[in-house]
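Letter by letter, the chains look like this.
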Amino acid sequence: MQSTQHITIAIDGFSSCGKSTLAKALAKKMNYTFIDSGAMYRCVALYALKNGCALGAHKINLSCVVSSLPHIRIQFGKPDTKGNRPVLLNDEDVSDAIRQLEVANIVSEVAAIKEVREFLVQQQQNLGKNGGVVMDGRDIGTVVFPNAELKLFITAKPEIRAKRRFLELQAKGETNSIDEILENLKHRDRIDSTRAISPLTQAKDALVVDNSEMSETEQLEYVLNLVKNHTRA
Ligand code: CDP
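Remember, it's a predicted structure, so these values are computed and weren't measured experimentally.

Colleague: Help me out: how do you make sense of the state of the cysteines in this one?
Modeller: By definition, a disulfide links the sulfur atoms of two cysteine residues through a covalent bond. Inspection of the entire model under this criterion finds 1 disulfide. With its sulfur 2.0 Å from that of its partner, Cys53 forms a disulfide with Cys64. Taking the torsion about the sulfur-sulfur bond, which here is approximately -65°, the covalent link between Cys53 and Cys64 counts as left-handed. Of this pair, Cys53 sits in the loop between helix H2 (37–50) and helix H3 (62–68) while Cys64 sits in helix H3; the two residues are 11 residues apart in sequence, bridging distant segments of the chain. Residue Cys43 stays outside any disulfide, its sulfur separated by 15 Å from that of Cys53, the closest cysteine. Since its relative accessible area comes to 0%, Cys43 is described here as buried.

Set out below in structure tokens:
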């Protein structure tokens, strides 16, 4: 039986379908390292926003973002009891700031830039080079870790995803409407799936999980079973 200790688990899928929640819980259960690659793209978007590279919702100054990259240092802190890892941008804790809709409104445009992807993919590969990692994103099973031992592609109905994100933002005191959030999810899904570089696609060897009707616990149990079956072969 192959050891489950050091495999790489790649989790990809559309916006707000619970990838990070699953990845975090899985990593905690398996004593693996959780890496939220989307948080890294959100950090670049936040930096761009703060430094005047955003020209409004969905519009960015490309060369401004690219020239910012050498000034951006992203780190993840130690996980708390729930498995959440603080996200540090140039030593500042931006865990909440990167979740704001203002950031979500430009992040997919930022993530479509070749130089941004090269900058972050290299860091992601480095963070996961020793295995024992659960990383979630859009291109983890296809580009970042094409040889990952287990690849999952998560989906859920758009309305369910918008409701989940609405509750998540509401708990943080944000007051965005469900319609506004749904609009953002659809916009990001479209850009993420159609961009020229590393578009969101299902890796050929990924297992699809539709979690529309699953609770967080059910989803975790379902995937832990997949891990078990997968590593038993
Ligand atoms: O949590 P949510 O599903 O809303 O998104 P996220 O994982 O925080 O990612 C934010 C954005 O970063 C996505 O909409 C993509 O545009 C981009 N992203 C990417 O291009 N590649 C990744 N590996 C992860 C995120």
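Don't stop here, the text continues.
Colleague: Could you clarify how one ought to interpret the site of the ligand in this entry?
Modeller: Taken together, 20 residues are adjacent to the ligand, and Ser16, Arg42, Arg117, Asp139 and Asp192 come closest. For the ligand, a nitrogen atom lies 3.0 Å from a polar atom in the side chain of Ser37. In this structure, an oxygen atom belonging to the ligand sits 2.6 Å away from a side-chain N or O atom of Arg42. In isolation the ligand has 530 Å² of accessible area, and contact with the protein removes 98% of it. Looking at the shell around the ligand, the elements that each hand over two or more residues are H2, helix H4 (101–111) and helix H8 (178–194).

Colleague: So what exactly am I meant to see when it comes to the layout of surface pockets here?
Modeller: A probe matching the size of a water molecule, rolled over the atoms, marks out where space remains unfilled. Taken as a whole, the second largest pocket encloses approximately 190 Å³ of empty space. Considering the residues around the second largest pocket, the lining is formed by 13 residues, among which Ala27, Tyr32, Thr33, Phe34 and Pro79 are closest to the centre. Per element, the largest residue contribution to the lining of the second largest pocket is 3 residues, and it comes from helix H1 (residues 19–30). Partitioning the lining of the second largest pocket into residue classes produces 4 nonpolar, 4 polar and 5 charged.

Colleague: Please clarify how the sheet that holds strand S6 (residues 133–137) should be interpreted in this entry.
Modeller: The pairing of strands in a sheet comes from backbone hydrogen bonds and takes either a parallel or an antiparallel form. Spatially, S2-S6-S1-S7-S8 is the arrangement adopted by the 5 strands of the open sheet, whose pairing is parallel. Every other strand in the sheet has two partners, leaving strand S2 (33–36) and strand S8 (207–210) as the edge strands with one partner each. Looking at each pair of strands side by side, their axes are set apart by 20° on average, direction ignored. With 5 bridges connecting them, strand S1 (residues 8–13) and S6 associate as parallel partners.

Colleague: Mind showing me how you'd approach the nonpolar core here?
Modeller: Taken as a class, soluble globular proteins show a tendency for nonpolar side chains to be buried jointly. By size, the foremost hydrophobic cluster in this structure holds 39 residues, and its most contacted members are Val44, Val65 and Val116. Within the residue set of this core, elements represented by two or more residues are H2, H3, strand S3 (74–76), strand S4 (87–89), H4, helix H5 (114–127), S6 and helix H6 (140–144). Considering every element that reaches this core, the biggest residue donor is H2, with 9 residues. Val65 has contacts with Val44, Ala48, Cys53, Ile60, Val110, Ile113 and Val116, leaving out every residue within four places of it along the chain. Core analysis: the next-biggest nonpolar cluster, separate from the first, contains 21 residues, Met30, Tyr32, Phe34 and Val209 among them.

Colleague: Would you explain the pattern of salt bridges in this entry?
Modeller: It is possible for side chains of opposite charge to pair when their charged atoms get near one another. Going through the model one piece at a time under the given rule, you end up with 11 salt bridges. Where Glu118 meets Lys114, a salt bridge forms, and the shortest distance between an N and an O atom there is 4.0 Å. Note that Glu118 and Lys114 are positioned in helix H5 at a spacing of 4 residues, about one turn of the helix. Exposure remark for Lys114: the relative accessible area of 45% places this residue in the partly exposed category. Salt-bridge contacts for Arg165 lead to Glu168; the nearest nitrogen and oxygen are separated by 3.5 Å. Taken together, the residues Arg165 and Glu168, both in helix H7 (residues 158–171) and 3 residues apart, mark about one turn of the helix. The partly exposed category is assigned to Glu168, whose relative accessible area is 34%. Taken together, the shared-partner salt bridges connect Arg138, Asp192 and Arg195 into one network.

The rules behind these values
Residues numbered from 1 in each chain as written. Predicted model: local features only at pLDDT ≥ 70, side-chain atom pairs only at ≥ 80, totals over all residues. Heavy atoms only, no water. Disulfide = S-S within 2.5 Å. Helix = DSSP H or I, 4+ residues; strand = E, 2+ residues; numbered from the N terminus. Buried < 20%, exposed > 50% of the residue type's maximum accessible area, 1.4 Å probe, protein only. Near = heavy atom within 4 Å. Polar contact = N/O pair within 3.5 Å; in protein donor to acceptor, adjacent residues only side chain to side chain. Areas by Shrake-Rupley, 256 points an atom, 1.4 Å probe, with all protein chains shown as cover. 1 Å grid on protein atoms, 1.4 Å probe; cavity = no way out; pocket = protein on both sides within 12 Å on 5 of 7 lines; lining within 4 Å. Points joined across faces, edges and corners; volume = space filled by probe spheres on them. Nonpolar A, V, L, I, M, F, W, Y, C, P; charged D, E, K, R; others polar. Pairing = 2+ DSSP bridges. Axes fitted to C-alpha atoms, helices over the stretch in contact; angles between N-to-C directions. Core = buried A, V, L, I, M, F, W, Y, C linked by side-chain atoms within 4.5 Å. Contact = heavy atoms within 4.5 Å. Salt bridge = Lys/Arg side-chain N within 4 Å of Asp/Glu carboxyl O.

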